[in-house]
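Each chain, written out:
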Amino acid sequence: MLNDLQLNNILKDFDIAYWKINLLTKEITWSDHFLVLVRKQDTKTASLEYFLDEILHKDYRYDFREHFGQLISEFKPFNLEVRLKLENGKFRWFECRTLKKKENSLEDSVVLLFVNIHQAKRDQYTIEENFFYYRETAEMTSTGGWYVDSASGAVYWDEVTKKIFNCPYDYEPRPEDKMKFYAQEHRKKAQEMFKKCAEYGIPFKVEIKMLTFHNSEFWIRATGKPVYDKEQEIIGIRGVFQDIDLNKTNEINLQNSLDIIAAQNSRLFNFAHIVSHNLRSHSSNLSLISQLLTESKKDRDKLDLLMNVNDIATNLDEAIRHLNEVVTKQSILTKEKKTVKFEDALQVVITSTSSLIKRENAQIIADFDKLNEITYISEYLESILLNLITNAIRYRQKGRKPVIFIQTYQENGSNFLEVSDNGMGIDLDQYGDKMFGMYKTFHRHPEAKGIGLFITKNQVEAMGGNISVTSTVNIGTTFKIKFR
Amino acid sequence: MEQPIELACIIDDDSIYVNLVKKIIEIKKLSRNLIIFKNGKEALDYFRPILENMNQDKLPDIIFLDLNMPVMDGWEFLGEFFKIKNSFNKKITLYVVSSSIDPRDLERAKSFNMVTDYLIKPIELKKFEKIFDQEVA
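Definitions and cut-offs
Residues numbered from 1 in each chain as written. Chains lettered and ligands numbered in written order. Predicted model: local features only at pLDDT ≥ 70, side-chain atom pairs only at ≥ 80, totals over all residues. Heavy atoms only, no water. Helix = DSSP H or I, 4+ residues; strand = E, 2+ residues; numbered from the N terminus. Rg over C-alpha atoms; globule rule 2.2 N^0.38 Å. Buried < 20%, exposed > 50% of the residue type's maximum accessible area, 1.4 Å probe, protein only. Contact = heavy atoms within 4.5 Å. Lys, Arg positive; Asp, Glu negative; His and termini not counted. Charge placed at Lys NZ, Arg CZ, Asp CG, Glu CD. Salt bridge = Lys/Arg side-chain N within 4 Å of Asp/Glu carboxyl O. Polar contact = N/O pair within 3.5 Å; in protein donor to acceptor, adjacent residues only side chain to side chain. Nonpolar A, V, L, I, M, F, W, Y, C, P; charged D, E, K, R; others polar. UniProt positions renumbered as here; feature names shortened; annotations may be inferred. Pairing = 2+ DSSP bridges. Axes fitted to C-alpha atoms, helices over the stretch in contact; angles between N-to-C directions.

S.K.: Please clarify how the overall build of chain B should be interpreted in this entry.
M.R.: A tally of regular secondary structure across chain B gives 5 helices and 5 strands. In sequence order, the secondary structure elements of chain B are arranged as β-α-β-α-β-α-β-α-β-α. Since a compact globule built from 137 residues should have a radius of gyration of about 14 Å, the 14 Å found for chain B is in line with a globular shape. A principal-axis box enclosing the C-alpha atoms of chain B has dimensions of 40 × 35 × 25 Å. Within the span of chain B, comprising 137 residues, buried residues form 51% of the whole. Long-range contacts, defined as pairs at least 24 residues apart, comprise 72% of the intrachain contacts of chain B with a sequence gap of at least 6. Distance between charge centres in chain B, computed from 20 positive and 23 negative side chains, equals 2 Å.

Here it is in structure tokens:
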């Protein structure tokens, strides 16, 4: 058998202190290690009262006294977690328990062990705390965890993930259902990223559109990382889903608002230009005339000047009409979009320009086979065609019969309209950037007003599309409109 | 009566404005001769052969240049004119005259060394007389 000293050494190595209690005399002996722990060299002070008052944390006094009393009087063993004040004045966690007695042994003493469980207790707290933070964060950020087992294909979702997808709590996704939670247009992308991760261990972090349990679309940020076993084989993929639908929707809305604001701003700029240039030039001419009127002596001069007033009035009227035209064209946006057949729109335009077409003997060839209709505001489509067709006829090449070729088609999921002519063309290197500006004319042409293409561009862009131009001088011009 | 200047030049597409200035120059006898161009290109087409023949007498003493014009606007004219200006010695006073009150236009015009001033339309009669007086003095 080990003697007390040997036993003490072993216990000390394990950081275990103990009391030996003589059940007959009720005398308590503190082990050396216990004395070291609480820094008490004098064994005489090893009284229960001292322990209760000075060493044991007050929260456990009642419980300890109860248990200890029962141990002595009824030999009832106990097990209690307590906090003890150590020599450095700090409290540490200990498990206090009676040493198991052998069956039927009659002993006159009992041993009470004090096992240091501080680290374990602290780990437990840390784990509880981390779990708390994880839960709170997951709830607050709508972030749920998931795991896919490579071998079985089994899918595991945590509670938050189920909540994100609006699933019942007892719902367990089946392996074959994995892809049905991805929006149709993103399924291929999802499949590829899972495949890459499962086969080559490439992690992913994407923003992707998914479907809830009830099939409504929403945006998710998904991350996935491979899980390896000891042999460095990929055995599964685990990651998180974060519901970013609100953010994404806001982002998209914000971008739309930005685009609208930018477009409005450019229109405002053009208004400022008309007001500053066109309206002001007329008013300044008027003021110049009035000065001259007071200065001129001869009736003949005065009459000449009055003739000019008449011209100014006409010009001013026209400038205001243009301004009005721009405003009305832009307010039409509130009209409802509907399916418009290109052929119908073209017929309306041909009818309204029939005299011009007849006079210039223009030929219009249209091919709408690849795309015969579009969801649009019909007034806009007619106005766009009208401007491009009259432009093409107006700027025809002298001595050449004007031919206009119109076609529609689809490319990369977008709808296109192209209007080509065999007209005089334009030097885009010189005028390209001004092509669609207001009151920009490039030809010494009496009919050039510089407003048609400006309005066309505005209409196309107001509907979310864009317009571009290619041209060769003396050969012809092609306008290409990409609808949204 | 002061001696008027020899040749003034207007580059502007606003025919009403041009006629009015023409009248002012006639009435006030501000210049002996006046040449008028509808845009920058017409003016350049006139200046180029003159410079090739070194016939400086046919160059204007003063130019009133509009900014917004079709075919070639005032800015492009300034750029082109700057390239050929160094080939002659005659002093030419150039005023940019525009109805634009956009401060950016004003800044840009002043960035050209050869631009004497930026005049906003309408120009008062007295201002016209003052400009021509300065030229003679």
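On we go from here.
S.K.: Explain the pattern of salt bridges to me, please; I cannot follow it from the model alone.
M.R.: Opposite charge on two side chains lets them pair, provided their charged atoms get close. In total, this model carries 26 salt bridges over all chains according to the counting rule given. For Lys121(A), the salt bridge goes to Glu81(A), with nearest N and O atoms at 2.5 Å. One end of the pair, Lys121(A), is in helix α5 (residues 118-141); the other, Glu81(A), is in strand β3 (residues 79-85), with 40 residues separating them in the sequence. Overall, the relative accessible area of 38% leaves Glu81(A) in the partly exposed class. Notably, a salt bridge pairs Lys28(B) with Glu129(B), separated by 3.8 Å at the nearest N-O pair. Linking Lys28(B) in helix α1 (residues 15-28) with Glu129(B) in helix α5 (residues 125-136), this pair joins segments that are 101 residues apart in sequence.

S.K.: Looking at this model, I keep getting lost on the interface of chain A and chain B. Mind explaining?
M.R.: Many analyses report the size of an interface as the accessible area lost when the parts associate. Each side of the interface is counted separately: chain A has 29 residues, and chain B has 27 residues. A salt bridge links Lys28(B) to Glu295(A); the nearest nitrogen and oxygen atoms lie 2.5 Å apart. At the junction of chain A with chain B, the criterion picks out 4 residue pairs in polar contact (both at pLDDT 80 or more). Elements represented by at least two residues in the side of chain A that touches chain B include exactly α8 (245-295), α9 (299-331) and α13 (428-431) of chain A. Considering every element that reaches the side of chain A that touches chain B, the biggest residue donor is α8(A), with 14 residues. For the side of chain A that touches chain B, the class distribution of residues is 8 nonpolar, 13 polar and 8 charged.

S.K.: Would you mind going over the UniProt feature "modified residue: 4-aspartylphosphate" (unreviewed entry) in chain B with me for this structure?
M.R.: Residue and element names in this part refer to chain B. When the UniProt feature table is mapped onto this chain, "modified residue: 4-aspartylphosphate" (unreviewed entry) is found at Asp 66. Within the element layout of this structure, Asp 66 appears in the loop between β3 (62-65) and α3 (74-85). Taking the relative accessible area as the measure of exposure, Asp 66 reaches 2% and is therefore buried. Look past the residues within four positions of Asp 66 in its chain and what remains in contact with it is Ile 11, Asp 12, Asp 13, Gly 74, Val 97, Ser 98 and Lys 121.

S.K.: Just checking my understanding: could you explain the sheet that holds strand β2 (residues 28-30) of chain A for this structure?
M.R.: Backbone hydrogen bonds hold the strands of a sheet together, and the pairing may be parallel or antiparallel. All names here are of chain A. Here we have 5 strands laid out as an open sheet, ordered β2-β1-β5-β4-β3, and antiparallel in their pairing. Strands at the two margins of the open sheet, each flanked by one partner only, are β2 and β3. Averaged over all pairs of adjacent strands, the angle between their axes in this sheet comes to 25 degrees, without regard to strand direction. Alignment of strand β1 (residues 16-22) against β2, held across 3 bridges, turns out to be antiparallel. Bridging across to β2, Lys 20 finds its partner in Thr 29. In this fold α5 packs onto β3, β4 (91-98) and β5 (109-116), with an angle of close to 115 degrees to the strand it touches most, β4.

S.K.: In this structure, what is going on with the UniProt feature "domain: PAC" (unreviewed entry) in chain A? I would like to understand it.
M.R.: In the numbering used here, UniProt assigns the feature "domain: PAC" (unreviewed entry) to residues 204-256 of chain A. For residues 204-256 of chain A, helix accounts for 23% and strand for 57%, while the C-alpha atoms at its two ends are 28 Å apart.

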